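Fold and geometry: a report
So you can see what is in the structure, the chains are spelled out below.
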Amino acid sequence: MKAFIFDLDGVIVFTDKFHYQAWKKMADRMDIYFDETINNRLRGVSRMDSLEIILENYKGHKLGQREKDLLAAEKNDNYRKLLETMTPDDVSTDVRNTLKELRHRGYKLAIGSSSKNTKFILERVGLMDAFDAISDGTNITKSKPDPEVFLKAAEYIGESPKDCYVVEDAYSGIDAAEAGGMTSVGIGDAAGYDKTDIKIQKFSDILSLS
Ligand code: G6P
Ligand code: MG
């Protein structure tokens, strides 16, 4: 294996709680039922697809594209305000040291995230230089479980998908890794998914793979 492709939200940083709070604020204002279980279905799913899942519980009139765009923008404004509170302290020592050690061992490292806020987050937490390439929501047309975001990451670092591990916390991301011909490593939620190739408990466990 020559490279690691990392999901961002829920793997490198714990922004999932901010996604939840930002959607919850919008959902409460619209009187839409929304809870942590529904939120779990949003992991790895693009902003617009996430909105569609939330709107399954909307009892009001049928919304047009313009209204949906405004709701997605409202959520993103809520989310960005929460992201602005992030600092380098929001990256655990375990994650930071493991990334350094993988680099030291000669692996190429990339991000593969559906988020259009990826670069903003990496800048806030001071990790822009930790990766050789970033593939994110700004360079894809289909979000996970489609493998596009990971295939682009592999292409950006010049490696074949079969030589890449994908580290993920979402079921949709594990499915995407399999569809792309990569070896999946599941942490958090994805460590309990039967399709995950390798299950780990903490981030630094990946050092025993390499
Ligand atoms: C990640 C998260 C999803 C989120 C998506 C889009 O995949 O796991 O919960 O919906 O990114 O994020 P964005 O920052 O572009 O709204
Ligand atoms: Mg994730």
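Residues numbered from 1 in each chain as written. Chains lettered and ligands numbered in written order. Predicted model: local features only at pLDDT ≥ 70, side-chain atom pairs only at ≥ 80, totals over all residues. Heavy atoms only, no water.

1. Topic: the environment of L207
Locating L207 in the fold gives a position in the segment after strand 6 (198-199). Each C-alpha atom of the pair L207 and R105 lies 9.7 Å from the other, and the pair is 102 residues apart in sequence. When near neighbours in sequence (up to four residues on either side) are disregarded, L207 contacts T98, E101, L102 and R105. (Helix = DSSP H or I, 4+ residues; strand = E, 2+ residues; numbered from the N terminus. Contact = heavy atoms within 4.5 Å.)

2. A few points about the pattern of salt bridges
If you walk through the whole model with that rule in mind, you get 19 salt bridges. In this structure, the salt-bridge partner of K68 is E52, at a minimum N-O distance of 2.9 Å. Taken as a pair, K68 in helix 4 (residues 65-83) and E52 in helix 3 (residues 47-54) lie far apart in primary sequence, 16 residues in all. K68 gets classed as buried once you look at its relative accessible area, which sits at 13%. (Salt bridge = Lys/Arg side-chain N within 4 Å of Asp/Glu carboxyl O. Buried < 20%, exposed > 50% of the residue type's maximum accessible area, 1.4 Å probe, protein only.)

3. Concerning the domain arrangement of the protein chain
Each assigned domain of the protein chain is listed here: domain 1 (3-13 + 89-209) and domain 2 (16-83). Computed over C-alpha atoms, the centres of domain 1 and domain 2 are 24 Å apart. With 15 residues of domain 1 at the contact, the number on the domain 2 side is 13 residues. Of the roughly 1,100 Å² buried between domain 1 and domain 2, counting both surfaces, carbon and sulfur atoms make up 44%. The interface formed by domain 1 and domain 2 holds two salt bridges in total. Notably, a salt bridge pairs D169 with R43, separated by 3.2 Å at the nearest N-O pair. At the surface where domain 1 touches domain 2, the tally comes to eight residue pairs in polar contact (both at pLDDT 80 or more). (Domains from an automatic or database assignment. Buried area = accessible area lost by both parts, 1.4 Å probe. Polar contact = N/O pair within 3.5 Å; in protein donor to acceptor, adjacent residues only side chain to side chain.)

4. Side note on the confidence of the model for the protein chain
Regions with low pLDDT should not have their predicted coordinates read in detail. Confidence in the prediction for the protein chain averages 97 pLDDT; 100% of positions are at 70 or higher. Overall fold confidence (pTM) sits at 0.95, and the ipTM for the predicted complex is 0.98. (pLDDT = per-residue confidence, 0-100.)

5. With respect to the pairing of strand 5 (residues 183-186)
Relative to strand 5, strand 4 (residues 164-168) runs parallel, the two being bridged by four bridges. Residue pairing across strands places V166 opposite S184, the latter belonging to strand 5. As for the winding sense of the linkage, the β-α-β connection from strand 4 through helix 8 (residues 171-180) to strand 5 is right-handed. Where strand 5 and strand 6 come together, two bridges link them in parallel fashion. Note that in strand 6 the partner of G186 across the bridge is K199. (Pairing = 2+ DSSP bridges. Right-handed = clockwise from strand over helix to strand, strands pointing away.)

6. Section: the site of ligand 1
Taken together, 15 residues are adjacent to ligand 1, and V45, R47, S115, K116 and N117 come closest. Between ligand 1 and G44 there is a distance of 2.8 Å, counted from an oxygen atom to a backbone nitrogen or oxygen. With the chains in place, 96% of the 390 Å² that ligand 1 exposes on its own is no longer accessible. Here the shell around ligand 1 is composed, by residue class, of three nonpolar, seven polar and five charged. (Near = heavy atom within 4 Å. Areas by Shrake-Rupley, 256 points an atom, 1.4 Å probe, with all protein chains shown as cover. Nonpolar A, V, L, I, M, F, W, Y, C, P; charged D, E, K, R; others polar.)

7. Looking at unusual backbone geometry
With omega at 15°, the peptide bond leading from K144 into P145 counts as cis. Relative to the helices and strands, P145 resides in the loop between strand 3 (133-135) and helix 7 (148-157). Positive phi, normally seen in glycine, also occurs at D31, with a value near 60°.

8. Focus: helix 8
Most of helix 8 sits out of view: seven of its 10 residues are buried. Buried residues of helix 8: S172, G173, I174, D175, A176, A177 and G180, and no others. Contacts from the buried residues of helix 8 go to helix 7, strand 4 and strand 5. Just beyond helix 8, the residue with positive phi is G181, at close to 80°.

9. Thoughts on the pairing of strand 4
Strand residues, when the strand is regular, have side chains that alternate between the two faces of the sheet. A large share of strand 4 lies buried, amounting to five of its five residues. The two faces of strand 4 match: C164, V166 and E168 on one face and Y165 and V167 on the other face are all buried. Judged from the four bridges that link them, strand 1 (residues 3-6) and strand 4 form a sheet pairing that is parallel. Within the sheet, the bridge partner assigned to F6 lies in strand 4 and is V167.

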